[in-house]
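Listed here are the chains, written in short residue letters.
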Amino acid sequence: MKLLSIAAAVALLATPAMAEKTSLSVLKLASSGPVFLAQDLGHFAAEGLEVELKFFAAAQPVAVAVVSGDAEFGVTGLTAGFYNLAGKGALKIIAGQSREQPGYKLSAYMVSNKAWEAGVRSPADFAGRSFGMTQVGSTFHYMVGLLAEKRGFDVAKMRLVPLQSIPNMVSALQGGQVDTAILPSTVAVPMADRNDAKIVGWAGDETPWQLGALFTSPKMIDTKRATVERFVRAYKKGVAAYDLAFQKKTDQAATDKALDILAKYTEQQKGAIAAGLPYIEPEARFSAKDIAKQVAYWQAQKQADASVDAKEIVVTTFVPSLD
Amino acid sequence: MSEPLRFRGGGFVTRPKPISSCLAGLAVVAIWQAVASAGWVSPVFLPSPAGIARALAEMALSGQLWRHLAASLQRILLGFALGSAAGLAFGLALGLLSHARAAGLPIVSALFPIPKIALLPLFILWFGIGEPSKVATIALGVFFPMAIATYSGVDQVPRTLIRMAQSFDVPTHAVVAKVILPGALPGILSGVRISASIALILVVAAEMIGAEFGVGAFILTAGNLMRTEDLLAGVCLLSILGLAVGFLVSLAERRLLAWR
Amino acid sequence: MRLIVERVSHGYGALEVLDDISLTVEEGEILAIIGPSGCGKSTLLGILGGLLKPSKGRVLTDGSAPEGSLNPITYIFQDFALLPWRSVAGNVAFALEHRRLGAREREARIDEVLAKIGLRDFASALPRQLSGGMRQRVGIARALAVRPAILLLDEPLSALDAQTREILIEEFLALWLAHRTTAVYVTHNLDEALRLADRVCVLSRRPGRIREMVAVDVGRQDRTPARLAPLRERLWRSIQDEARAADREYV
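Residues numbered from 1 in each chain as written. Chains lettered and ligands numbered in written order. Predicted model: local features only at pLDDT ≥ 70, side-chain atom pairs only at ≥ 80, totals over all residues. Heavy atoms only, no water.

### Here's the deal with the sheet that holds strand 7 (residues 182-186) of chain C
All names here are of chain C.
Right, on to step 1. Taking strand neighbours across the sheet as the criterion, the 6 strands line up as 5-6-7-3-8-9 in an open arrangement whose pairing is mixed. Bordering the open sheet on either side are strand 5 (73-76) and strand 9 (210-215), each of which pairs with just one other strand. For this sheet, the mean angle separating the axes of adjacent strands, direction not counted, is 20°.
Right, on to step 2. As judged from the 4 bridges shared by strand 5 and strand 6 (residues 150-154), these two strands associate in the parallel manner. Counted as the bridge partner of Tyr75 is Leu152 from strand 6.
Right, on to step 3. Against the sheet, helix 4 (residues 132-145) touches strand 5 and strand 6, its axis set at about 175° to strand 5. (Pairing = 2+ DSSP bridges. Helix = DSSP H or I, 4+ residues; strand = E, 2+ residues; numbered from the N terminus. Axes fitted to C-alpha atoms, helices over the stretch in contact; angles between N-to-C directions. Contact = heavy atoms within 4.5 Å.)

Shown next, in the form of structure tokens:
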């Protein structure tokens, strides 16, 4: 009994007396690793922040949660829906998250066995084929657009099939109901191992791009700028820890510990996590130019409103731009 | 000392007041527009009626509206026709045949409350991601309410009418065609009303998977892209479709059930 | 046509409804069956018309049906049993449609009975537009259209008000005098039975047995309340105890 109360008192002393409460909406994915590391290694606490993590199942709700005020910060992949929200002055990008980068096997170009037999054997062969994706305006939708641009075929001549969820994409690809798809490595590699479908390339090698970002609401920047600064500082320490553990890989103990932390937060097998770790720029920088390119692409596809201004969406005062 | 009798009846009867209905509708739209125009609420949260009207007009002018409507109507009509024909036949069997009722009713009762949307992934495995799975989703959703409405409609046909027909030696098939079916028609038509609105609800679910066009696909895409004006424009379309269906069923009821 | 009932018993499971009923309905007579509720009179009528199968015993017919009879044994129902979605003429036609009958012959028959019953002007009316009395007239017209040999009437007037009942009794008598169709008339109304019947069969209840058979020995033109009073008194004494018992029972 006495021991317990002493433990409680110590715990009280350990947290800074004036810890400010804030919240972050996030997905249970390895790409959110820096956030989990910052939380678990005490970087947020060191900045006097008590961060409540709010978990969601898809990128869209993560962004909506920040717009609706359910969370003060969000970190996730960039979609057309995100830009439409941001374009209405509801969201600002303040730091980078994952990037598709050569050598990082994050998103796989997949081909159904049926299509493989029919001769679809490389990303260039995606031209004119059906393509399974989660939703219109999703990151998968953007990546097939990037691929078409790079390989010089017309994405409008493909049949883009929205299937709402990754499990639906898996079964559609398995059943040969779509010829092609882009799937996260955590799903793609086991599928290829079971020979349910073929991997014909990786988006990082083919079309590197700024996949994810940390963002907040303009109101936060206006009214609680200090909080945002502290949050970004802690986030950058999380990114640095991620970089050390998974990209520099100079300290095996740190790598093991980081993997443990990621496994705890994402509730995934360590092996699966290690196989699908995305590249994250070591100083949490992002490419504003890439953001502008994404907005222009969505506008050309009529998926983003013409009024969205890419310059208004990014704030480079917390983290300097890559460009 | 005579005095007039005090009147104490009246009240408790509602009468249709069409002007009040119209005014209430207009007032809601006007207040909504005023709140949106004044900028008190961000358009992200509350698109203005004018914005929704603009979205609808753009759709109509670009021709997208008709493509979406045509795609959805085709699915709804086909799914509804298949599902209600099967439901009618099955409901009739439940109502007329003891064995069919003993075997079928527990099954129908067990399957009816299942949200058909939950079966969508299974339908994709069975029917693929093309039209068949969408039509099947709607057909299955329509089947159960139709079967149950027909069955209870048949149950509500007065037994004395059947006895009467038998007493005149009317053959069984004619009893079904001339007594039971017309007698069950009120039940069947209320089944049509319910299942038609279910078909409208399910078209959104059915078009979640692999649909390029359709009102449901349009609404989902608008949601995915966080285009709330488009989203509500699509919802308006669905609600107009729902009103049209309700109107048609009422028309059918007035014509076919004039005898009531 | 005569109708012969031989030792008919009927029950639903353990419940005995009719016990050993034997009687003969003579050609051209009206036999009234009276009894308190629960005496099985409707069940007996169902058996007479072939709509119910008796547990024991049998029912025979004897003699020939009139020329052109399409349905020798024909019912008239308490609740009229009209198809509400059909017009008056359509309801009469319903009894004829499945018979080998030319369209012209059918129309002629319908027109004939509607004229006879005074329904011609209402031929296209729907049942819901008619009073109870008019609806039962449609039931009667439908029955006459098939030219029955035996009419089975199941409390045909009990859903009607007293004045309408009076009018219909007179009309029915006039019709019957013209055709002299054998008839079984089930009722719980003593006055109806005495006004119409040649004989009155009194059933006891639980199970239904024939308590007595009373001949109405008053000429039909002389059946005033005063002349019928003694018979009425006798019948009432015969059934009143059971009627009281039936009244005090849970339903």
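Once you've had a look at it, read on.
### Considering the confidence of the model for chain A
Right, on to step 1. Summarising the model, chain A shows a mean pLDDT of 89, and 95% of its residues fall at 70 or more.
Right, on to step 2. Mean pLDDT in chain A bottoms out at helix 1 (residues 2-14) of chain A, which sits at 49, and peaks at strand 6 (residues 107-112) of chain A, which reaches 95. (pLDDT = per-residue confidence, 0-100.)

### Structural notes on the interface of chain B and chain C
Right, on to step 1. Listed by partner, the interface residues are 18 residues for chain B and 23 residues for chain C.
Right, on to step 2. Across the chain B/chain C interface, buried area totals approximately 1900 Å², and carbon plus sulfur atoms make up 68% of it.
Right, on to step 3. Salt-bridge contacts for B:Lys178 lead to C:Glu97; the nearest nitrogen and oxygen are separated by 2.7 Å.
Right, on to step 4. For the interface between chain B and chain C, the tally reads 9 residue pairs in polar contact (both at pLDDT 80 or more).
Right, on to step 5. Among the secondary structure elements, those contributing two or more residues to the side of chain B that touches chain C are helix 7 (159-167) and helix 8 (172-206) of chain B.
Right, on to step 6. Here the side of chain B that touches chain C gets 7 residues from one element, more than from any other, and that element is helix 7 of chain B. (Buried area = accessible area lost by both parts, 1.4 Å probe. Salt bridge = Lys/Arg side-chain N within 4 Å of Asp/Glu carboxyl O. Polar contact = N/O pair within 3.5 Å; in protein donor to acceptor, adjacent residues only side chain to side chain.)

### What about the interface of chain B and chain A?
Right, on to step 1. Each partner contributes to the interface: chain B provides 20 residues, whereas chain A provides 25 residues.
Right, on to step 2. Taken together, the two surfaces of chain B and chain A that pack against each other cover about 1900 Å², and 58% of this comes from carbon and sulfur.
Right, on to step 3. For chain B, the biggest contributors to the area lost against chain A are B:Asn224, B:Leu225 and B:Met226; these three give 30% of the whole.
Right, on to step 4. Viewed at the interface, chain A and chain B are joined by 1 salt bridge.

### Thoughts on the pairing of strand 1 (residues 20-27) of chain A
All names here are of chain A.
Right, on to step 1. Counting buried residues in strand 1 gives 7 out of 8 residues, a clear majority hidden from the surface.
Right, on to step 2. Note: strand 1 against strand 2 (residues 49-56), 8 bridges, orientation parallel. Pairing of Ser23 across the sheet is with Glu52, part of strand 2.
Right, on to step 3. The sheet contact formed by strand 1 and strand 3 (residues 73-77) spans 3 bridges and is parallel. When the sheet's bridge partners are listed, Leu24 is paired in strand 3 with Phe73. (Buried < 20%, exposed > 50% of the residue type's maximum accessible area, 1.4 Å probe, protein only.)

### Structural notes on the sheet that holds strand 4 (residues 92-96) of chain A
Within a sheet, adjacent strands bond to each other through the backbone by hydrogen bonds, running parallel or antiparallel.
Residue and element names in this part refer to chain A.
Right, on to step 1. Within the open sheet, the 5 strands sit side by side as 2-1-3-12-4. Their pairing is mixed. Two strands bound the open sheet, and with one partner strand each, they are strand 2 and strand 4. Recorded for the sheet is a direction-independent mean angle of 25° between the axes of neighbouring strands.
Right, on to step 2. With 5 bridges joining them, strand 3 and strand 12 (residues 212-216) adopt antiparallel strand pairing.

### Observations concerning the domain arrangement of chain A
All names here are of chain A.
Right, on to step 1. For chain A, the domain assignment lists domain 1 (18-99 + 210-313) and domain 2 (107-207).
Right, on to step 2. Taking the mean C-alpha position of each, domain 1 and domain 2 sit 26 Å from one another.
Right, on to step 3. Between domain 1 and domain 2, the residue contacts involve 17 residues of the former and 12 residues of the latter.
Right, on to step 4. Of the roughly 1100 Å² buried between domain 1 and domain 2 on both sides combined, carbon and sulfur atoms contribute 65%.
Right, on to step 5. Among the residues of domain 1 in contact with domain 2, Lys293, Tyr297 and Trp298 are the three that bury the most area, contributing 42% of the side total.
Right, on to step 6. Remark: the boundary between domain 1 and domain 2 carries 1 salt bridge. (Domains from an automatic or database assignment.)

### Considering helix 4 (residues 98-111) of chain B
Right, on to step 1. Between its terminal C-alpha atoms helix 4 of chain B stretches 20 Å, which fits the 20 Å expected from 14 residues at 1.5 Å a residue.
Right, on to step 2. At B:Gly104, helix 4 of chain B shows its largest bend, some 35°, and a proline, B:Pro106, comes one to four positions later. (Expected span 1.5 Å × (residues − 1). Bend = angle between axes of the 7 residues up to and from the residue.)

### Section: the pairing of strand 3 (residues 30-34) of chain C
Residue and element names in this part refer to chain C.
Right, on to step 1. Among the 5 residues in strand 3, 5 count as buried, and that is most of the element.
Right, on to step 2. Residue alternation in strand 3 divides its side chains into two sets, Ile30, Ala32 and Ile34 and Leu31 and Ile33, and both sets are buried.
Right, on to step 3. As defined by bridge partners, strand 3 adjoins strand 7 across 4 bridges and the pair is classed as parallel. Paired with Ala32 across the strands is Tyr185, a residue of strand 7.

### Topic: helix 12 (residues 225-248) of chain A
Right, on to step 1. Spanning 24 residues, helix 12 of chain A covers 32 Å between terminal C-alpha atoms, matching the ideal 34 Å at 1.5 Å per step.
Right, on to step 2. Count one or two residues on from helix 12 of chain A and you reach A:Lys249, which has phi positive near 55°.

### Considerations on the pattern of salt bridges
Right, on to step 1. This model, assessed by the stated rule, comprises 41 salt bridges over all chains.
Right, on to step 2. We note a salt bridge from B:Glu131 to B:Arg75, for which the minimum N-O separation is 2.9 Å. Remark: B:Arg75 occurs in helix 3 (residues 64-96) and B:Glu131 occurs in helix 6 (residues 131-155); sequence separation between them is 56 residues.
Right, on to step 3. Between C:Arg199 and C:Glu29 there is a salt bridge, and its shortest N-O distance comes to 2.6 Å. Of the two residues, C:Arg199 is situated in strand 8 (residues 199-203) and C:Glu29 in the loop between strand 2 (15-25) and strand 3; the sequence distance between them amounts to 170 residues.
Right, on to step 4. Via salt bridges that share partners, A:Glu20, A:Glu72, A:Lys224 and A:Arg230 belong to a single interconnected network.

### Quick word on the packing of aromatic side chains
All names here are of chain A.
Right, on to step 1. Scanning the model with the defined rule gives 19 aromatic pairs over all chains in all.
Right, on to step 2. Ring geometry for Tyr242 versus Phe246: centroids 5.0 Å apart, planes at 70°, classification edge-to-face. With Tyr242 and Phe246 both in helix 12 and 4 residues apart, the pair spans about one turn of that helix. We note that Tyr242, like Phe246, is buried. (Phe/Tyr/Trp six-rings, centres within 6.5 Å; stacked < 30°, edge-to-face > 60°.)

### Concerning the side chain of A:Glu206
All names here are of chain A.
Right, on to step 1. Mapped onto the elements, Glu206 comes out in helix 10 (residues 203-206).
Right, on to step 2. Since its relative accessible area comes to 12%, Glu206 is described here as buried.
Right, on to step 3. Residues within four places of Glu206 in sequence aside, it is in contact with Tyr109, Pro123, Leu147, Lys150 and Arg151.

### What about the layout of surface pockets?
Right, on to step 1. Estimates place the volume of the largest pocket at around 1300 Å³.
Right, on to step 2. What lines the largest pocket is a set of 37 residues, and nearest its centre among them are A:Gln301, A:Lys302, A:Gln303, B:Gln64 and B:Arg227.
Right, on to step 3. Secondary structure elements with two or more residues in the lining of the largest pocket: strand 8 (159-162) and helix 15 (288-300) of chain A together with helix 2 (49-62), helix 3, helix 9 (215-224) and helix 10 (228-256) of chain B.
Right, on to step 4. Sort the elements by how many residues they give to the lining of the largest pocket and helix 2 of chain B lands first, with 5 residues.
Right, on to step 5. Looking at side-chain class alone, the lining of the largest pocket contains 18 nonpolar, 9 polar and 10 charged residues.
Right, on to step 6. Three or more residues apiece are contributed to the lining of the largest pocket by two domains, here domain 1 (18-99 + 210-313) and domain 2 (107-207) of chain A.
Right, on to step 7. Of the pockets and cavities examined, the second largest pocket occupies roughly 990 Å³.
Right, on to step 8. Forming the walls of the second largest pocket are 42 residues, and the residues nearest its centre are A:Leu27, A:Leu29, A:Phe140, A:Ile166 and A:Pro184. (1 Å grid on protein atoms, 1.4 Å probe; cavity = no way out; pocket = protein on both sides within 12 Å on 5 of 7 lines; lining within 4 Å. Points joined across faces, edges and corners; volume = space filled by probe spheres on them. Nonpolar A, V, L, I, M, F, W, Y, C, P; charged D, E, K, R; others polar.)

### Some details on the nonpolar core
One recurring pattern in soluble globular proteins: nonpolar side chains tend to sit buried together.
Right, on to step 1. Judged by nonpolar contacts, the single largest core of 127 residues is most densely connected at B:Val179 and C:Val200.
Right, on to step 2. Looking at which element gives the most residues to this core, the answer is helix 8 of chain B, with 16 residues.
Right, on to step 3. Apart from the residues within four sequence positions on either side, B:Val179 is in contact with B:Val157, B:Leu161, B:Ile162, B:Ala165, B:Ala174, C:Leu83, C:Trp85 and C:Phe94. (Core = buried A, V, L, I, M, F, W, Y, C linked by side-chain atoms within 4.5 Å.)

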